[in-house]
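# Geometric and topological summary
Below, each chain spelled out in residue letters.
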Amino acid sequence: MRYLKFVCLLACLASTPVMAECTSEQAFPAWLKDFKAEVVAAGLKPAVFDSALAGMTPDKSVIQRDRSQQTFALDFLSFAGKKVVPYRLGKGRELLKKNADLFKRIEQQFGVPGEVLAAFWGLETDFGGNTGDMSTLRSLLTLAWDCRRSDFFRTELKHALWLVQKGDLTPAKMRGAWAGELGQLQLLASRYDQHAIDFDGDGKRDLIRSHADALASAAVMLKEAGWRAGEPWLQEVKAPREMDWSQARLDNKLPLSSWAEQGVTQADGGALSGSGTAALLLPMGRNGPAFLAFPNFDVFLAWNESSVYSTTAAYFATRLSGAPVLRSGNGPVATLSLGQAKQLQAKLKQRGLNITKVDGIIGEETRNAVRSVQQELKLPADGYPDAQLLSQL
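Rules of the game
Residues numbered from 1 in each chain as written. Predicted model: local features only at pLDDT ≥ 70, side-chain atom pairs only at ≥ 80, totals over all residues. Heavy atoms only, no water. Helix = DSSP H or I, 4+ residues; strand = E, 2+ residues; numbered from the N terminus. Buried < 20%, exposed > 50% of the residue type's maximum accessible area, 1.4 Å probe, protein only. Polar contact = N/O pair within 3.5 Å; in protein donor to acceptor, adjacent residues only side chain to side chain. Contact = heavy atoms within 4.5 Å. Arc of directions from axis to C-beta. Pairing = 2+ DSSP bridges.

### Details of unusual backbone geometry
Phi angles above zero are rare outside glycine, and Phe-127 is one such case at about 60 degrees. Positioned with a positive phi, Lys-378 is a non-glycine residue whose angle comes to about 60 degrees. Position of Lys-378 relative to the elements: it lies in the loop between helix H16 (364-376) and helix H17 (387-392).

Next comes the structure, spelled out in structure tokens:
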């Protein structure tokens, strides 16, 4: 099962204000009345609705943030350089040691290693130190009423109200990130409601104050997303100077022996060892860092579909497991600016290629379109855009 990505407050590193894309059609009081009728008909107690949302109005600052975000616009090396820093590595290792028994119990029950959970814990909230302090209910109410992603957040608001009715949380305790994420692992309300567990035995599913509940619940979700116990997720390698770069894509998992035949080696130049299949992941093209992405890497993408975030989280987990600092690659990488990336996406869309949003974020959709054009223009088809490709388009 592929989960909707979790919006990560800490990853909103670059913001460029844009014009509003839509206008809410229904006045808020009328919308709220209709919404109440809907959720009460589904079984929510009217008193729960009234007490949770009493006097609450939309927060204009939330709408502004939603309109202006440009998430993960940084390239992988820049993003990882800001996130996988000595402080987080040291803190992560300290917490892995301090909570060794807890992580061991979680891995025995769900198969997910502590290093993987600690990596998400560190990236999402700095190990529980920054869970956010905005009213979750007001944020979700705002985004559910707003027009841009109303259906998605309408569902999230329903789940948040169910959490109140079930007794998991009180409205006062529901404080988190601006887009409604909750707890030390920043789960959306639907994931909290459907997948959270009580792992510390106090009778409540508290993902805000209980790191045991939060980490175990994250392990539940990763397992349900397809995590394979005892298998690797990411390994840094060294790519050759020349090869069939069109092979380097996440949907092309080959035996390690096949990658070895194409000149891929361990990061230190030694021969590849081990078994299984993996994809060759080039987050910044043929000249940048190179990794073998094993089937478990797909679970990182299930947590967050951003390839930059997922690669950073997986790399962070390998560092916590003892891997060395990554190499920068085979040579300098000339990255496009945000404006240039938008120009490129617009040109790709004009050519009839699948580009859903012209947002300047180079995700898998854009990479696939880039790879197609690179092959057409007889360029190295590594799926990573550069100024040469932009100029030829």
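Right, picking up where we left off after that structure.
### Section: the side chain of Arg-367
Structurally, Arg-367 is set in helix H16. What makes Arg-367 buried here is its relative accessible area of 6%. A polar contact is formed between the side chain of Arg-367 and the backbone oxygen of Pro-283, at a distance of 2.6 Å. Beyond its immediate sequence surroundings of up to four residues, Arg-367 is in contact with Leu-282, Pro-283, Ser-307, Ile-362, Gly-383 and Tyr-384.

### Digging into helix H4 (residues 76-83)
What H4 keeps buried is the set Phe-76, Phe-79, Ala-80 and Lys-83. The buried residues of H4 all sit within an arc of 95 degrees when viewed along its axis, so they share a single face. Against helix H5 (86-98), helix H7 (114-125), strand S9 (290-293) and helix H14 (307-320) lie the buried residues of H4. By the N-cap criterion, in which a side-chain oxygen at the helix start approaches the backbone nitrogen of a residue two or three places on, H4 is capped by Asp-75, the distance to Leu-77 being 3.1 Å.

### Side note on the pairing of strand S8 (residues 277-281)
Most of S8 is tucked away: 4 of the 5 residues are buried. Examined bridge by bridge, strand S6 (residues 254-255) and S8 share 2 bridges and lie antiparallel to one another. Opposite Pro-255, over in S8, you have Thr-277 as the bridge partner. Bridge count for S8 against S9 is 3 bridges, and the pairing is antiparallel.

### Looking at the side chain of Asp-168
Here Asp-168 is to be found in the loop between helix H9 (150-166) and strand S4 (175-176). Polar side-chain contacts of Asp-168 include one of 2.9 Å to the side chain of Arg-205. Excluding residues that lie within four positions of it along the chain, Asp-168 makes contacts with Leu-163 and Arg-205.

### Concerning the environment of Val-220
By the secondary structure assignment, Val-220 is in helix H11 (residues 211-224). Remark: the alpha-carbon pair of Val-220 and Gln-343, spanning 123 residues in sequence, is separated by 41 Å. The contacts of Val-220, once residues within four sequence positions are left out, are Phe-110, His-195 and Ile-197.

### A word on helix H6 (residues 100-110)
Buried residues of H6: Leu-102, Phe-103, Ile-106 and Phe-110, and no others. Within H6, the buried residues cover an arc of 95 degrees as seen down the axis, which keeps them to one side. Across H6 from its buried face, at more than 90 degrees, point the exposed residues Asp-101, Lys-104 and Gln-108. Against H5, H7 and H11 lie the buried residues of H6. Residue Gly-111 follows H6 closely and has a positive phi angle near 85 degrees.

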